[in-house]
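Inside the fold
Chain by chain, the residues run as shown.
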Amino acid sequence: DWRPRLAGRQWRRTLVMAASKPVEAAVVAAAAPSSGSGVGGGGGSAGPGTGGLPRWQLALAVGAPLLLGAGAMYLWSRQRRRRETGGRGDASSLKRHSERKTPEGRASPAPGSGHPEGPGAHLEMNSLDRAQAAKNKGNKYFKAGKYEQAIQCYTEAISLCPTEKNVDLSTFYQNRAAAFEQLQKWKEVAQDCTKAVELNPKYVKALFRRAKAHEKLDNKKECLEDVTAVCILEGFQNQQSMLLADKVLKLLGKEKAKEKYKNREPLMPSPQFIKSYFSSFTDDIISQPMLKGEKSDEDKDKEGEALEVKENSGYLKAKQYMEEENYDKIISECSKEIDAQGKYMAEALLLRATFYLLIGNANAAKPDLDKVIGLKEANVKLRANALIKRGSMYMQQQQPLLSTQDFNMAADIDPQNADVYHHRGQLKILLDQVEEAVADFDECIRLRPESALAQAQKCFALYRQAYTGNNSSQIQSAIKGFEEVIKKFPRCAEGYALYAQALTDQQQFGKADEMYDKCIDLEPDNATTYVHKGLLQLQWKQDLDKGLELISKAIEIDNKCDFAYETMGTIEVQRGNMEKAIDMFNKAINLAKSEMEMAHLYSLCDAAHAQTEVAKKYGLKPPTL
């Protein structure tokens, strides 16, 4: 019996999908150190409770411990083994968790490595015996902390060893590398490990030691390739190797994202995405339809034709473009209002900041938001809305303290604003402060009883709390709450989406599928729903073709849906189609709305690249579909 659930990244994806909040999109990666929509490298038995699930199903659908962080491509076996204090323990434990610091007698046996028999064997054995004696002497020096003497002995062993004794020679080189490591001579460590691997290509100790040397030498790409090979050879069973892989993937991702994001071309999201975003605000002045007084008398008589604003105002022109869904012109029109210091300057600053956030330009958005917040004479609704958006931006940038401060300030200056509590409630869910989240949703509902989304997200918060606490009665209570929400608000697509997530957790796949169908009926242009429904097919029926069909449909509906490309790449890695996976990840990278999100995607892409290189060099491939 198993209880599949989408991992940390999926929890947050579902929440963000329900809120349709692009400025918080990267939270799903940034807020979860065990993010889990990642790609799986295979490896290891499924472990207890998994029922022998295919690795792709585990990678896409099962909760922690699943993947080790934002860059994770490596599947962490669910079978947990006890950690020995200080790395000590019995022989089997040392084999799995040893830090590989000590020298060894022989490397792992390889085909054809046995000692020859026949004429000349006696002479060769004498040379080999002398080499082994030198190595054993070196081991004693090593254990005594006399590393220079140990290096001399290992060098002697290398010179004495017959050249055809590949495995023995590889051991001597690896042992000398271990001694160089103690002296922090990383270049020499890498060189000796390279010799060892050339002699014995699947030599785990040498590969891992070289990976650590490359890390010290800041050779991240080479480090990643070596540790990827180690993870595959060890069947993804050694936590130490997994942690190094995750560490270097994150570093590579951040490094590449920093450069790419700085030079990226701003990209406007799809109209459906933008409309969904604004629909998550009810007290937002800038998203309200134009007032009658803002339109000319002539325009009032021209139904169905483009409106012309009464005043020569950049802001009102921008509002007109919003109604026409001509979003690309909004920032420039707002800039005209701001440059002219027009009567709608505060509104223009907020609208421009909002669209900067939508295109992923937080650096440009922040000064505008700061100005609005500092305008004491401005409408309090504008200032509160700016605080909500800046707070969301801070959360996206992994600054939860600043984010919380902004939301609290918004509540102080506009305590009757339902949006403040609705969006702060989402922040609290992301911070795993469920009780506080529920209190905020309750306040939002008190102020706006018709807020379907707040009621659905309150159920989601209660369900998540019950699920993580394994409280069956509270789970059933939350499920009942979802039923009441969708009955009371049958036109709320987000309610069905969140309910579908809970049903999936409870293995009620058929009903979850029905809920996603309801979402699609209500919002046929919401690509994210198709992705979730596609993932459900993988969990439920192991129907890869149907899952891919639905995710492809999502891309067809919205070719700017980064979530769809990322998920498609994830699946292609599981199928062993690395080139296609890399192509999907690169498309997602170009659509990323934040540097954090981009770093996560680069990590996935680099992981796929590393598997490709390892396959070429060593013929090593993780199990695939």
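Because the structure is a prediction, the values reported are computed rather than measured. (Residues numbered from 1 in each chain as written. Predicted model: local features only at pLDDT ≥ 70, side-chain atom pairs only at ≥ 80, totals over all residues. Heavy atoms only, no water.)

**What about the overall build of the protein?**
In terms of regular secondary structure, the protein is built from 30 helices and 0 strands. In the protein, buried positions account for 59% of the 625 residues. Within the protein, contacts between residues separated by at least 24 positions form 64% of all contacts whose residues are at least 6 apart in sequence. A total accessible area of about 26,600 Å² is found for the protein, and carbon and sulfur atoms account for 48% of it. (Helix = DSSP H or I, 4+ residues; strand = E, 2+ residues; numbered from the N terminus. Buried < 20%, exposed > 50% of the residue type's maximum accessible area, 1.4 Å probe, protein only. Contact = heavy atoms within 4.5 Å. Areas by Shrake-Rupley, 256 points an atom, 1.4 Å probe, with all protein chains shown as cover.)

**Some points on the confidence of the model for the protein**
Of the residues in the protein, 76% reach a pLDDT of 70 or more, and the chain-wide mean stands at 81. Across residues 106–119, where pLDDT falls below 50, the model places 22 contacts with residues more than four positions away in sequence or in other chains. (pLDDT = per-residue confidence, 0-100.)

**Some details on the environment of tryptophan 186**
Within the secondary structure layout, tryptophan 186 lies in helix α8 (residues 186–199). Tryptophan 186 sits in the buried class, given a relative accessible area of 18%. A sequence separation of 24 residues divides tryptophan 186 from arginine 210, and the C-alpha atoms of the two residues are 8.7 Å apart. If we ignore the near neighbours within four places in the chain, the residues touching tryptophan 186 are Glu181, Ala213, Lys216 and Leu217.

**Topic: the packing of helix α16 (residues 345–358) against helix α17 (residues 362–374)**
Close contact between α16 and α17 brings their axes to 8 Å; oriented N to C, the two are set at 155°. With respect to α17, the element α16 is oriented roughly antiparallel. Judged by the twist between their axes, the crossing of α16 over α17 is left-handed. Where α16 approaches α17, its residues Ala346, Leu349, Leu350, Arg352, Ala353, Tyr356 and Leu357 are matched on the opposing element by Ala362, Ala364, Ala365, Asp368, Leu369, Lys371 and Val372. (Axes fitted to C-alpha atoms, helices over the stretch in contact; angles between N-to-C directions. Parallel < 35°, antiparallel > 145°, perpendicular 65-115°, else oblique. Left-handed = near helix turned anticlockwise from the far one by under 90°.)

**Side note on the UniProt feature "repeat: TPR" (unreviewed entry) in the protein**
Annotation from UniProt places "repeat: TPR" (unreviewed entry) at residues 131–164, 384–417, 418–451, 493–526 and 562–595. A helix fraction of 79% and a strand fraction of 0% characterise residues 384–417, whose end C-alpha atoms lie 8 Å from each other. Here residues 493–526 runs as 79% helix and 0% strand, with 10 Å between its end C-alpha atoms. (UniProt positions renumbered as here; feature names shortened; annotations may be inferred.)

**Here's the deal with the side chain of threonine 567**
One can find threonine 567 in helix α28 (residues 562–575). Judged by relative accessible area, which is 3%, threonine 567 ranks as buried. In contact with threonine 567, not counting residues within four places along its chain, are Val531, Leu535 and Ile551.

**Section: the packing of aromatic side chains**
Aromatic rings considered in pairs are described by the distance between their centres and by the relative angle of their planes. Applying the stated criterion to the full structure yields 8 aromatic pairs. Centre to centre, the rings of phenylalanine 278 and phenylalanine 355 are 5.8 Å apart; their planes meet at 40°, and the pair counts as tilted. Of this pair, phenylalanine 278 sits in helix α12 (residues 271–279) while phenylalanine 355 sits in helix α16, and the two are 77 residues apart along the sequence. The same class applies to phenylalanine 278 and to phenylalanine 355, which are both buried. When the ring of phenylalanine 482 is compared with that of tyrosine 499, the centres are 5.3 Å apart and the planes differ by 20°; the resulting orientation is stacked. (Phe/Tyr/Trp six-rings, centres within 6.5 Å; stacked < 30°, edge-to-face > 60°.)

**Observations regarding the nonpolar core**
Counting 87 residues, the largest nonpolar core has Phe278, Ile330, Leu351, Phe355, Tyr463 and Phe482 as the members making the most contacts within it. Looking at this core, the element that brings in the most residues is α16, giving 10 residues. Setting aside residues up to four positions removed in sequence, phenylalanine 482 forms contacts with Ala456, Cys459, Phe460, Tyr463, Gly495, Leu498, Tyr499 and Ala502. Judged by nonpolar contacts, the second largest core, of 37 residues, contains Tyr261, Met568, Val573 and Ala588. (Core = buried A, V, L, I, M, F, W, Y, C linked by side-chain atoms within 4.5 Å.)

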